[in-house]
Amino acid sequence: MLNRIFCSNKWQVFLLAKNPLYSKIFASLLVGNLFFWFSTSLFMPVLPLHYHRLGFSEAQIGMAVGAFSCGALMFRFLAGKAIDRYGSKLVLTAGMMLSLIAVAGYPLGQAVIIAVAVRLLHGIGISGYGSAALTTTTLMFDSTRTTEAVSMYTLFTMIGSGLAASSALWLYTSFDFTGVVVAGISATALSLILFPKQETKKTQQNSNVVAVWEIIAQPSVYLSAGSLFIINFCYSTIITFLPLYVLARGADGMRYFFVAYAIAVVLSRLVVNKVCQVIAAPKLSFYLIMSFGIIMLFTANYYTYYALATAGVAVGISFGFAFPSLAGFVAQQTSEEQRGTAFGFFITGHDLGQVAGAVGMGFIVGLIGYKEVFSAIGILTLSYGFLYRIMLMPKLIKIDKQLAAIGS
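Residues numbered from 1 in each chain as written. Predicted model: local features only at pLDDT ≥ 70, side-chain atom pairs only at ≥ 80, totals over all residues. Heavy atoms only, no water.

Could you give an account of the overall build of the chain, with specific residues and numbers?
From N to C terminus, the chain includes 14 helices and 0 strands. Along the chain, helices and strands appear, N-terminal first, in the series α-α-α-α-α-α-α-α-α-α-α-α-α-α. Across the 408 residues in the chain, those meeting the buried criterion constitute 55%. Restricting to contacts in the chain with at least 6 residues of sequence separation, those with at least 24 account for 86%. A total accessible area of about 17,300 Å² is found for the chain, and carbon and sulfur atoms account for 69% of it. (Helix = DSSP H or I, 4+ residues; strand = E, 2+ residues; numbered from the N terminus. Buried < 20%, exposed > 50% of the residue type's maximum accessible area, 1.4 Å probe, protein only. Contact = heavy atoms within 4.5 Å. Areas by Shrake-Rupley, 256 points an atom, 1.4 Å probe, with all protein chains shown as cover.)

Give a description of the environment of Ala 280 that names residues and reports values.
Following the sequence through the fold, Ala 280 ends up in the loop between helix 10 (254–278) and helix 11 (281–301). The exposure class of Ala 280 is partly exposed, given its relative accessible area of 26%. Each C-alpha atom, one on Ala 280 and one on Ser 325, is 8.5 Å from the other, the two residues being 45 residues apart in sequence.

An account of the packing of helix 9 (residues 219–248) against helix 12 (residues 305–333) is needed here, citing residue identities and associated values.
Any two packed helices are characterised by how steeply their axes cross, that is the angle between the axes, and by the distance between the axes. Closest axis-to-axis distance for the helix 9/helix 12 pair is 10 Å, and the angle between their directions is 160 degrees. The angle between helix 9 and helix 12 falls in the class roughly antiparallel. Considering only the axes of helix 9 and helix 12, their crossing is left-handed. On helix 12, the residues that touch Ser 220, Val 221, Ser 224, Ser 227, Leu 228, Ile 231, Asn 232, Tyr 235, Ile 238, Leu 242 and Val 246 of helix 9 are Leu 308, Val 315, Phe 319, Ala 322, Phe 323, Leu 326, Phe 329, Val 330 and Gln 333. The class makeup of the residues in the contact of helix 9 with helix 12 is 15 nonpolar, 5 polar and no charged. (Axes fitted to C-alpha atoms, helices over the stretch in contact; angles between N-to-C directions. Parallel < 35°, antiparallel > 145°, perpendicular 65-115°, else oblique. Left-handed = near helix turned anticlockwise from the far one by under 90°. Nonpolar A, V, L, I, M, F, W, Y, C, P; charged D, E, K, R; others polar.)

Describe in detail the packing of aromatic side chains, supporting the description with residues and values.
This structure, assessed with the given rule, holds 19 aromatic pairs. Taking the centre distance of 5.6 Å and the plane angle of 45 degrees together, the rings of Phe 323 and Phe 346 count as tilted. Note that Phe 323 is positioned in helix 12 and Phe 346 in helix 13 (residues 339–368), a separation of 23 residues in sequence. Residue Phe 346 is classed as buried on the basis of its relative accessible area of 0%. Three or more aromatic residues joined by ring pairs form one cluster here, namely Tyr 235, Phe 257, Phe 258, Tyr 261 and Phe 319. (Phe/Tyr/Trp six-rings, centres within 6.5 Å; stacked < 30°, edge-to-face > 60°.)

Describe in detail the pattern of salt bridges, supporting the description with residues and values.
If you walk through the whole model with that rule in mind, you get 1 salt bridge. Between Arg 53 and Asp 176 there is a salt bridge whose closest N-O contact spans 3.1 Å. In this pair, Arg 53 sits in helix 3 (residues 47–53) while Asp 176 sits in helix 7 (residues 146–194), placing the two residues 123 residues apart along the sequence. Among the residues examined, Arg 53 registers a relative accessible area of 56% and is labelled exposed. (Salt bridge = Lys/Arg side-chain N within 4 Å of Asp/Glu carboxyl O.)

Take a look at the structure:
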């Protein structure tokens, strides 16, 4: 028996020596993260249809769906500062508790104002959880493992999101909205139980206080946030309004889109670390921006089963590569004591994109139509992509080469 225990411990030591990502604490973090994002993503395919069934207009649907990102946007930066000052544990726990309360309150959202309030609260919870969990991940390992750790973290994020995207409509049609809420509450509670309760082995330092502006003024931070904004703006518009666009055209193929998206986004996170070793994050951002521009134009004109499945694959791959590659780049460019603030601002690009896509486009769709909105966003995204390639990408590549030189 003792020999068996010894061999088991020896095997664990071997695994940790070979790859420090194989640890019980990090595994618990990853599984807890999977359940949390399963709960959060479960409502994205369902809410537009649920609010449409309740009689909400396109603008009201956009307001309710986008209130989630508004809440995250309002408190994300404050959450980042709180992490640097008080540590990840407190902010993380508060964010998860608020999210649990919000999910339990979704059935009360029969009126627009209540639906907006519940989504806003959920977004506030996400602002604390998202920044704290990502910061915790990057502080668990040294800089040589940062991108790999972020890739693993976001891989489990996408596994949770993918499982939610592929099962949400089935839950909704089989068990109505109540079934979706019960699944969401259960997953959030499991996440709260599983997520590591102790602080990471590295603690945030407050000795070298740096002005907030000096952190966010770094090109690697604000330009990465800008790329994240563009990508999430397109993504939010597609996820919120493509189901309604397909419904308005009398088609019925969104389940093919979401299943294809779920598979593609998970597979993309499996290989993102390898891809980032070959293609620098600034250059990869250019490809992703251009990809979303093309996707917007494609979905504006094609909505057959095959077209929707193709769009789902393209969205899954592009969205799957975006966050971990950019987050890893930001982490490599910022010191540990500045990382909470840097990520707080960086993820603001995500929130702004979600708000602009869901809320902003909700009003415009009602005025000019789905196809026109999708086409206009596609053209603007491609235009920004060319501008980024000419003026912004060279600056980020230069920074990336300087970092590599310092590391050498």
